[in-house]
Amino acid sequence: MAENSVLTSTTGRTSLADSSIFDSKVTEISKENLLIGSTSYVEEEMPQIETRVILVQEAGKQEELIKALKDIKVGFVKMESVEEFEGLDSPEFENVFVVTDFQDSVFNDLYKADCRVIGPPVVLNCSQKGEPLPFSCRPLYCTSMMNLVLCFTGFRKKEELVRLVTLVHHMGGVIRKDFNSKVTHLVANCTQGEKFRVAVSLGTPIMKPEWIYKAWERRNEQDFYAAVDDFRNEFKVPPFQDCILSFLGFSDEEKTNMEEMTEMQGGKYLPLGDERCTHLVVEENIVKDLPFEPSKKLYVVKQEWFWGSIQMDARAGETMYLYEKANTPELKKSVSMLSLNTPNSNRKRRRLKETLAQLSRETDVSPFPPHTPKSCTKSSKSSTPVPSKQSARWQVAKELYQTESNYVNILATIIQLFQVPLEEEGQRGGPILAPEEIKTIFGSIPDIFDVHTKIKDDLEDLIVNWDESKSIGDIFLKYSKDLVKTYPPFVNFFEMSKETIIKCEKQKPRFHAFLKINQAKPECGRQSLVELLIRPVQRLPSVALLLNDLKKHTADENPDKSTLEKAIGSLKEVMTHINEDKRKTEAQKQIFDVVYEVDGCPANLLSSHRSLVQRVETISLGEHPCDRGEQVTLFLFNDCLEIARKRHKVIGTFRSPHGQTRPPASLKHIHLMPLSQIKKVLDIRETEDCHNAFALLVRPPTEQANVLLSFQMTSDELPKENWLKMLCRHVANTICKADAENLIYTADPESFEVNTKDMDSTLSRASRAIKKTSKKVTRAFSFSKTPKRALRRALMTSHGSVEGRSPSSNDKHVMSRLSSTSSLAITHSVSTSNVIGFTKHVYVQRLNSTGGRSQYSWFQSVRHSAFRASFSEILEGNTDFSNFKKVLSKSSLTFVKN
C-alpha cells in the first residue's frame, strides 16, 4: 500500500521517507564534528560565522518583519531577485532567506540551491519569545506543527501524500514511516489497516487530511498551534467513519437514539438485513438467535462495541465484542435438564427445593449487587450465625445489617464503577467530564461510604457475636457526628447533581455512552446512575424506621432500650439538620439566581448572613428610582432591598467557566438599598385613579432631603397589605425597633401626586416607548461624539439664517426639547428651511385634565399614524405645511402658532 512506500520528489530528495531519520543524521554529524574539534589540536582559532537574514522581495517591505529582526539583533539585507544572491554570497555569513510565498519560482530556485529558507511567522515568533532563529534542514514557513510526529495510512494517490508531507515539513512537523509510540498523530484516509488499530489501542489521535490543509491556511497566525484541542477536535476521525450500521433487539426509542448517535459520530444506518451494512449491533440480553445468516463481511457485535466506540472517541476493535449465539447445544441440554416440564419425581422435586432454599439463603446475605469491588469493602469475617431460637429482635437486627451491607455495596458501585473511571487521568479521547462536573455529581459520596463502612463492620461484629444484651443504639450514637458532617452536602445538592447528569448526558455523547456501558453491568442491577445516587437520600429515614422496629422488640429491662431511643433522637437531629441546612442552601442559591438575573448586580449582595425574603413585580409611578412607567422588580432581603428594572433589549448569552450556557440577564441593576434608609412605608389609599400603589420615603446618605419612591404592584399573588407588613417587619429588625406597625403610614394619592390612571393606556405606553427610543438616540449621538451643545448651536444658527431674528423664549423651549430628545428629525433636516420653520413655530399642546396646566410634548408622543406619516412627508419635502395642519386638526390636538 501507499503507506509503506517511499516517495521521492522531483528534486531528488526523499519526501515521505522517515524524516526523523534524516534529522537524527544531522544531529549525529554535528556531534561527530564536535567530537573531532574537541580531540584535534588546532593552533589557530576557527573564524566566527555570523547569521544574516536576506529579505526576499515582498518580505523586505514588511515593517513588522524588519522590527522583529532588530529585536533579536540579527543583521539583514534585502534582495529582489535570485541573481542578486551572487553579490551577497560570502563565507563570513550564513544566509537565511525569508520568503513570503513557498510556491513561487524564487522559492523553488532557493530550494534547489539548498539554501536555508524560512517564512515570516518564524521570525515574528522568535521575536515574541526572545529566541534565536531555529535551524532547519528543510524550508520552514511557520512552527504550527513543531514537535509533532505524524504517520500516514490509507493514502493511495502519490501526489496527495507528497503534498501533505511537504506541508507538514513547512510547518515544522516530523514524518515517520512506521507507526510507534513516538507518533503523536495518525493521519488516516480510511479506518482499516494495522496502523489504525495500533493508534486506537494506544489512544493516539487519528486525524483527517483536512487537519493539515486547514492548519496550513492559518500559517500566518502568530500564536496558532495545530495540536490545540479546540482546533484538533474539529478534524478527528469519528468512531463510525466508513461504517454502515443496523440494529437488532432494541426498543423503538433506543433504536432511534442509537441511529441519531450513529450519524453524530460520522456513520450511517440502514434497515436490518441490508447487504450494504458493515455492522449489526445486537442487544445480546434479548436476542437469542439471528433472523438470517450473516455474511462474512458483516460484523455482528454486542451493543457494548457501539457505546465503547463513542466513549473512547474511536472505533473499537470488533473481535473483542463479537456476538455469540446463546442457544448452543450445550446450553440447550442444560436447559432441558432443568425444565419443569419433565416428568415428576421425588428426586427432582427435592433438587428443586434445595436449589430454591440455596437461592433464598444467598438473597438473605446480599440481594444487591452480586459483586462488590475488592478495594471498597472487606470480606465478611464469617457467615451470619443462626441462633437456635431466632428472636424477633435478632430478626430485625439481621435485617438492619443486611440492608446496611447492601447500601455499602451500592455506594462502592457508584465509586468504583462511575466516579473513579471518570477521575482517571489519560483517558482515551480526553476527559469525559470536567472536574467541576464530577464534583457536582458525586459530592460527598466517598465520605458517606467511609462512615457506613464502619457502621456495617460494627454491625457485623455484633451479629457474628450475637447476644440479646448487645447494644445496637451505641453504634449509631458513635457515628452521629460523622453523619451530620457528611450527609447535608450531598442531600442538599442532590437536585443539582441530578440536573448535571441529565444535562451532561444530553450534551456529551461520550458521557452518555459511558453511562450506557456501566448501567448494563450486573453490579448496577440495571439501574441508572440517578437511581443509584438517590439511595443516600432515602437511607437515614429507612434506618430510623428499622431502629424504631428494633426498639419495639427490645425488652424494657434491656439496657439497649434507652440507647435506641437516644440513637433514634440523634438520627432525627441529623435529618432536622439536613432540612435546615438544605433551607439555607436553597436561600443561598436564590441569591445566586438574583445575581445571575440582574445585570450589574453588586458582588457584595452575596453574603452568608443574607437571605431572599420576597420578590415583587411593580411599575414605577414617579421619576425615581427610574422613569415613570418602567417595569421594576424589588428583591426584598432580610437587610436590604435590590431594585432592578426590566432591560429594554436583551442580547446574547452568558457562558460560565465550565462551558455551561446561561440565559441572558433580563433585569438591569438600579440600586441596592439598605433597609435602614427606609424612613416610612406609605400605603396609598385605593381610589378610582389609583390602584395597588405604595411608596417608600427614603433618606439616602448622600442626599440632604428625603426621596419618594412610588410603585404600583402588578401581581395579585401577594396582597399589598401582606407585602407592606413584611417589608416593615424587616426594616424594623434592621434598625432594631420593636414597633414595626409605626413604620406604615396611610396616605391619600393626591397628597403625594401618585396615580395609576394612565399606566395601562395606549397613549401612555407609546409615550414611554418613545421616551426610551429618544434615550437610545441620545446615547447614539453621545457615542459618535456629537455634543448636545453643538447640536443646539447648529439649530440656532440655521434658525437665525433663515428667519433673520433671534429666537424667542418659546423657540428656545422647543429647541431645548428637540436637542434633549435627539429626534430623528434633526438627523434628516438640520439645514432644511421648512423643517426649521416648523420647529420654530409649532408645538403640540395638550391640556392636563387634572392640574389644568399645559404639557408640551414632541410629535413622537402622538399615536396617530396619519400625523406621523404627514410629518415625515414634510421632512422629505413631499408636502407643504397646510396639509400637515389639516391632519393635525383631525388628531384632536390643539395647534398653536407664535
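Scroll up to find the structure this text is about.
Description of the structure in this document.

Quick notes on the rules
- Sequence order sets the numbering: in each chain, residues are counted from 1 along the sequence as written.
- Restriction of local features to residues with pLDDT of at least 70 applies here, the model being predicted, together with a cutoff of 80 or more for giving and counting side-chain atom pairs; totals for whole chains, interfaces and linings are based on all residues.
- Just so you know, side-chain values use all the structure's heavy atoms and leave hydrogens and water out.
- Numbering of helices and strands starts at the N terminus; helices are DSSP runs of H or I of at least 4 residues and strands are runs of E of at least 2.
- Categorising residues by exposure relies on relative accessible area from a 1.4 Å probe, with only protein chains included: less than 20% of the type maximum marks a residue as buried, more than 50% marks it as exposed, and the intermediate range marks it as partly exposed.
- When a carboxyl oxygen of Asp or Glu lies within 4 Å of a side-chain nitrogen of Lys or Arg, that pair is called a salt bridge.
- Only strands joined by at least two bridges in the DSSP assignment are considered to pair.
- Any two residues whose heavy atoms approach within 4.5 Å at even a single point are treated as in contact.
- With axes taken as lines fitted to C-alpha atoms, and helix axes fitted only over the stretch in contact, angles between N-to-C directions fall between 0 and 180 degrees.

**Quick word on unusual backbone geometry**
For residues that are not glycine, phi is negative in most cases, and the peptide bond is trans in most cases. The phi dihedral of glutamine 57 is positive, around 50°, even though this residue is not glycine. Mapped onto the fold, glutamine 57 is located in the loop between strand E1 (50–56) and helix H2 (63–71). What makes glutamine 57 partly exposed here is its relative accessible area of 27%. Despite not being glycine, aspartate 114 shows a phi value in the positive range, around 60°. Topologically, aspartate 114 is positioned in the loop between helix H4 (105–112) and strand E4 (116–118).

**What to know about the pattern of salt bridges**
Counting across every chain of the model gives 24 salt bridges. In this structure, the salt-bridge partner of arginine 232 is aspartate 229, at a minimum N-O distance of 2.9 Å. Of this pair, arginine 232 and aspartate 229 both sit in helix H9 (residues 229–232), three residues apart, roughly one helical turn. For aspartate 229, a relative accessible area of 45% puts it in the partly exposed group. Each of Arg197, Arg315 and Glu318 takes part in one network of salt bridges that share partners.

**Let's talk about the sheet that holds strand E21 (residues 693–698)**
An order of E13-E19-E16-E15-E14-E22-E21-E20-E23 is seen for the nine strands of this open sheet, with the pairing classed as mixed. Two strands lie at the open edges of the sheet, namely strand E13 (598–599) and strand E23 (744–747), each paired on one side alone. Examined bridge by bridge, strand E15 (residues 631–637) and strand E16 (residues 640–646) share five bridges and lie antiparallel to one another. Bridge pairing links valine 632 to arginine 645 in E16. Across the sheet, helix H24 (residues 720–734) lies against strand E14 (612–620), E15, strand E20 (678–684), E21, strand E22 (707–713) and E23, angled at about 170° from E20, the strand it touches most.

**Description of the environment of leucine 150**
By secondary structure assignment, the location of leucine 150 is in strand E5 (residues 149–153). Exposure remark for leucine 150: the relative accessible area of 0% places this residue in the buried category. Taking the C-alpha atoms as reference points, leucine 150 and leucine 186, separated by 36 residues in sequence, lie 5.8 Å from one another. Not counting the four nearest positions on each side in its chain, leucine 150 is found in contact with Met145, Val168, Val174, Ile175, Arg176, Val183, His185, Val187, Trp211 and Ile212.

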